[in-house]
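# Structural features, examined
So the chains spell out like this:
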Amino acid sequence: MVRLTVNGRTADADADPSTPLIYVLRNDLALNGPKLGCARGQCGACTVLVDGRPVRSCATRLGDAAAPHVVTTLEGLGTPDRPHPLQAAFIAEQAAQCGYCTSGMIMQAAALLAERREGLTEAQVAEALDHNLCRCGTQPRVVRAVLRAARQQGV
Amino acid sequence: MGAATLSRRGFAAILGAGAAGLAIGFRLDDAAAQQAAPQGPAMLRANPRMESWVRITPDGRITVLTGRVELGQGVLTAMRQIAAEELDVAPERLDLIAGDTAETANEGVTAGSQSIRFGGEALGVACADARATLLRVAADAWGADAATLRVEDGVILAANRRMTYAEAAGRVSLARPVDLTARRKPVAQQRIVGTSHPRTDIPAKVFGQQVFIHDMRPEGMLFGAIARPPGYAARLVSLDVAWARSLPGVVEVVRDGSFVGVIARREEQANDAARRIVQAATWRDGAPLFGGRGVFEHLLNAPSTTRTIHTTPAAEAQAARTHRVEYRRGFQAHASIGASCALAKWEDGRLTVWSHAQGPFPLRGDLSRGLRVPAESVRVIHVQGSGCYGHNGADDVALDAALLARAVPGRTVRVHWTHEEEMVWEPWGSAMVVRLEAGMSADGGLTSWAHDVWSFPHSTRPGGTSGCNLRSAWYLENPVPAPAPVDGPLPNGASARNAVPIYAVPGQRVTTHFHTDMPVRTSALRTLGGYFNAVAADMFLDECAALAGQDPVAYRLRHLRDPRLVAVLRRAVETSGWQPRAVTLGRPRVEGTQLVGTGVGLSKYKNSDSHVAVVARVAVDVPTGQVRVLGMWSATEAGRAVNPDGILNQIDGGIVQAASWTLMEEGRWDSRRMTTEDFASYPIIDFSHTPPIRSVLIDRPDLPSLGVGEGSQAPAGAAIANAILDATGRHVPEIPFTPERVLAALRG
């Protein structure tokens, strides 16, 4: 058993500590946010926050994310009633096509906005998201959404 | 963690759909776009029952159905707009069912930019008929003239009377064939169609709600994985199945010939067991791919079927000179971010499959032949997947899941391919060679145009009437082989898609050299042959313009007769602020250590659909040959725009994807299989290489809606190619334009 703190709750996972975190989040904890993409840390679809830092949950061992570390997924960021500014901005900019990469984009951007918001440039957003891949070609909309969120309060 | 937040949600809702039966033997594919004929939309003639399109019941529910499926292109939002418009009901009040073989119309494959043009028209006519029928009920009840009644959000209103659709539906049967003469609303009365209605699926995606097939978690679900042979032609000699069953977490091992799959309690256990089985099994290698030759050599020299499929009368004037060029493109992948996934469950000999394939009905047919069961015993339900951009592994994985689930009746098995599995085993977009030859008069005008294309198939989708186009069927002890591939005929074509020039040139000839033998399996990648044929043609046109001493825009205008193409060309150039200049071959445009140039691409997709012009500005780094796209501008006209923002999302997305194809993407292989199996060996464009894009849309409410989902790929690629020609003065004949190839051209 490995004890996890995910989105403010505690859960015990019956899996080997060497198990990639993504499988536990998705299959044991039934969280949809983190998406399994390349499983090699190259695409960013599985990005979650561990202690506020973005990590690839496909390349993070369950044991390394165990409590007292704190894991946040897309579900923990906001809800339809209380959306995170990034979630609201992705809707406002219609910044998705298939949406498979969206969770990873938002989590990576959440870490960026937690660091800095003022004076954020397109180039800085692009650099921060450079290892999050989108095959539909929504990059320009994603950049606009992140800049829109950066202008909002309460990040 | 609280059970409430971790409940297995979503699945019950998907299972909850009813099971009104509808089975029609019918096929449509990419290559056979159906024109709306005078006797009504083709989709309605093939699927005439009203209840296949719209159901309005006395309980007040309004259900809209479409055989088209959501691929991330926003089609279900557009369908909802069309239905809401014709029914006069708020879009969010409609229940929507898409792509379920037990419920919806058989609309073949959601592909070829045909959903709105054909499926949307059919849905619109069915909804218009439903509305008119209910209005007549109210008119008869009130002794009123139906023309004096109006509808507000599903309530029929007269001066001092009201009747809900539910009430009217209780007095008439809508379970009948659609009246094909029903008239849709005139454009002037449309209030929902033509607006940028927000995508209905995006909120769920940004909040992590259950949307994707990968997120389905029915109670007791097991995880499957396939132990793939080391090469396409390799076959299994021996495997210790008892040992394989003893691997951690393994519930069952299925071996049928060279097909080996494993079912486990946990996903990572299934994947790990499959990996170990591949290593432990003994395999027999097949012949080396392409006989050890390069693919272009293979395309040009191995036996193929040559057919001249298009000619026009020759010019009266003699050519003063002839220009000839060969262009090449390697294999390219769909490279979805999320690999293909399916769920399958057998119960009492009946199979239910959840799939993100583009064609639920065609998939059902191939599943039935691959599994040797009647089609009626198989139900395929579409659930969204990661964007596919054509025929990727989505269909194949459904057979994998079904083959495994058969070993554990009553339990659902989910198979989610690994990304490597997708890249190696999915059908690739065909490598192609195009040779162009034109005659030119003394004043530079084109006097003839010959386009020869060498290609593997561009559609080996499920949906035939025999054989099985699902990969694992070929590896069974008693295999079900694939049917012989066919090339799609003109006007829309497959290997020859967009090979007929959009320019008014006499003496046209289009010839295909079609290979049906596929050492690397190929199928539909967004636009089929359209991207490369049109890119090659537009590159060639710029070279002809340079030889004629004219700038690329003036030279295009000289050869254009289609006013819609002229309009988008002028608009894109105007938006970009570019002042076109004639290219001088061999003379670069130097700015510091860079060569900077601008180019244009122009296309009418499939020679029948959206009109798109793209301008690109690039910088070429002289020491390295690296191409950087500085900016792109586009103009699109596709008739009536149902959802303008949805169109711009598709156009811009296509431009970004085409930039990636054109500059970066190329599959490689060894003697056994494709080896470009991850995003390191097969990189796709990232944020910092995505250019700024400015796109404008020309709405033509007076004209029918045209397909737009694939419209920008070719002109975007051509614009980049022609900007490189403008910058360098050099011809770079092979896509992708890697630094090595550009450098070779600069030194050549």
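Fair warning: this is a prediction, and the values are worked out from it, not measured in the lab.

Turning to the overall build of chain B, a few remarks are in order. What chain B contains, in helices and strands, is 18 helices and 26 strands. Its C-alpha radius of gyration of 27 Å places chain B within 12% of the 27 Å reference for a compact globule of 748 residues. Evaluated residue by residue, chain B yields a buried proportion of 57% over its 748 residues. For chain B, long-range pairs separated by at least 24 residues make up 80% of all intrachain contacts whose partners lie at least 6 apart in sequence.

With that settled, the discussion passes to the nonpolar core. All names here are of chain B. Formed by 272 residues in total, the largest nonpolar core has its most connected members in Val262, Ala401 and Ile724. Ranked by residue count, the leading element in this core is helix α13 (residues 530–548), at 13 residues. Beyond its immediate sequence surroundings of up to four residues, Ala401 is in contact with Gly224, Ala342, Leu343, Ala344, Val353, Val413, Arg414 and Val415.

Another point: the environment of Ala88 of chain A. Mapped onto the secondary structure, Ala88 of chain A falls in helix α3 (residues 85–92). Sequence separation between Ala88 of chain A and Arg148 of chain A is 60 residues, and the spatial gap between their C-alpha atoms is 9.3 Å.

Attention shifts here to the interface of chain A and chain B. On the chain B side, the residues contacting the 51 residues of chain A number 50 residues. If you list the elements that add at least two residues to the side of chain A that touches chain B, you get β2 (9–13), α1 (21–28), α2 (74–77), α3, α4 (102–115), α5 (122–128) and α6 (139–150) of chain A. When grouped by side-chain class, the residues that make up the side of chain A that touches chain B number 26 nonpolar, 18 polar and seven charged.

Take the sheet that holds strand β2 (residues 62–66) of chain B next. Residues and elements named next belong to chain B. Read from one edge to the other, the open sheet built from three strands follows the order β1-β2-β3, with strand pairing classed as mixed. With partners counted over all chains shown, the strands left at the sheet margins are β1 (54–56) and β3 (95–98), one partner each. Pairs of neighbouring strands in the sheet enclose a mean axial angle of 15°, with direction left out of account. In terms of strand pairing, β2 meets β3 through four bridges, oriented parallel. Counted as the bridge partner of Leu65 is Ile97 from β3. Those strands touched by helix α3 (residues 75–87) are β1, β2 and β3, and its axis lies near 130° from that of β2. Set on the sheet, helix α4 (residues 115–142) makes contact with β1 and β2; between it and β1 the angle comes to about 25°.

With that settled, the discussion passes to the domain arrangement of chain B. Residues and elements named next belong to chain B. What the domain assignment lists for chain B is domain 1 (11–206), domain 2 (218–286 + 338–425) and domain 3 (525–747). Using C-alpha coordinates to define each centre, domain 1 is positioned 37 Å away from domain 3. In this complex, domain 1 contributes 19 residues to the contact, which on the side of domain 3 involves 21 residues. For the side of domain 1 that touches domain 3, the elements supplying multiple residues, two or more each, are α3 and α4. Sorting elements by how many residues they give to the side of domain 1 that touches domain 3 places α3 first, with four residues. Looking at the side of domain 1 that touches domain 3 residue by residue, the classes come out as six nonpolar, 11 polar and two charged.

Let's shift gears to the packing of helix α10 (residues 360–371) of chain B against helix α11 (residues 394–405) of chain B. Residues and elements named next belong to chain B. One way to put it is that α10 packs onto α11 with a least axis distance of 10 Å and a crossing angle of 40°. Viewed along their axes, α10 and α11 adopt a mutual orientation that is oblique. α11 is crossed by α10, and the crossing has right-handed handedness. Residues Leu363, Leu367, Gly370 and Leu371 of α10 touch α11, and the partners they reach there are Asp395, Ala398, Leu399 and Ala402.

Residues and elements named next belong to chain B. With respect to the helices and strands, Val295 occurs in helix α9 (residues 295–301). As a C-alpha pair, Val295 and Arg329 span 34 residues in sequence and 9.9 Å in three-dimensional space. Residue contacts for Val295: discarding those within four places in its chain leaves Phe290, Gly330 and Ala431.

Residues and elements named next belong to chain A. On domain assignment, one finds that chain A holds domain 1 (2–77) and domain 2 (85–150). Domain 1 and domain 2 are separated by 20 Å when their C-alpha centres are compared. Across the boundary between the two partners, domain 1 contributes 15 residues, which contact 14 residues of domain 2. Elements with a contribution of two residues or more to the side of domain 1 that touches domain 2: β3 (47–50), β4 (53–56) and α2. If one sorts the elements of the side of domain 1 that touches domain 2 by residue count, β3 sits on top with three residues. The residue makeup of the side of domain 1 that touches domain 2, split by class, is nine nonpolar, four polar and two charged.

This part is about the sheet that holds strand β22 (residues 594–604) of chain B. All names here are of chain B. Strand order across the open sheet formed by five strands is β21-β22-β23-β24-β25, with mixed pairing between neighbours. Of all the strands in the sheet, just β21 (590–591) and β25 (693–698) have a single pairing partner and so form its edges. Taken together, the 11 bridges between β22 and strand β23 (residues 611–621) define a ladder with antiparallel strand orientation. Considered in β23, the bridge of Thr598 is made with Arg617.

To continue, consider the pairing of β25 of chain B. Residue and element names in this part refer to chain B. Sheet topology note: the strand β24 (residues 627–637)/β25 ladder contains six bridges and is parallel. Counterpart to Thr636 in the pairing with β25 is Leu697. As for the winding sense of the linkage, the β-α-β connection from β24 through helix α16 (residues 644–664) to β25 is right-handed.

The residue after Leu490 of chain B, namely Pro491 of chain B, is reached through a cis peptide bond having omega 15°. With respect to the helices and strands, the residue Pro491 of chain B is situated in the loop between β19 (446–455) and β20 (508–514). That bond from Ile735 of chain B to Pro736 of chain B is cis: its omega, 5°, falls within 30 degrees of zero. By secondary structure assignment, the location of Pro736 of chain B is in the loop between β26 (734–735) and α18 (739–747). You will see that Asn7 of chain A, though not glycine, has its phi angle at about 50°, which is positive.

The rules we used
Residues numbered from 1 in each chain as written. Chains lettered and ligands numbered in written order. Predicted model: local features only at pLDDT ≥ 70, side-chain atom pairs only at ≥ 80, totals over all residues. Helix = DSSP H or I, 4+ residues; strand = E, 2+ residues; numbered from the N terminus. Rg over C-alpha atoms; globule rule 2.2 N^0.38 Å. Buried ≥ 20, exposed ≤ 12 C-beta atoms within 10 Å, placed from the backbone. Contact = placed C-beta atoms within 7 Å. Core = buried A, V, L, I, M, F, W, Y, C linked by C-beta atoms within 7 Å. Nonpolar A, V, L, I, M, F, W, Y, C, P; charged D, E, K, R; others polar. Pairing = 2+ DSSP bridges. Axes fitted to C-alpha atoms, helices over the stretch in contact; angles between N-to-C directions. Domains from an automatic or database assignment. Parallel < 35°, antiparallel > 145°, perpendicular 65-115°, else oblique. Left-handed = near helix turned anticlockwise from the far one by under 90°. Right-handed = clockwise from strand over helix to strand, strands pointing away.

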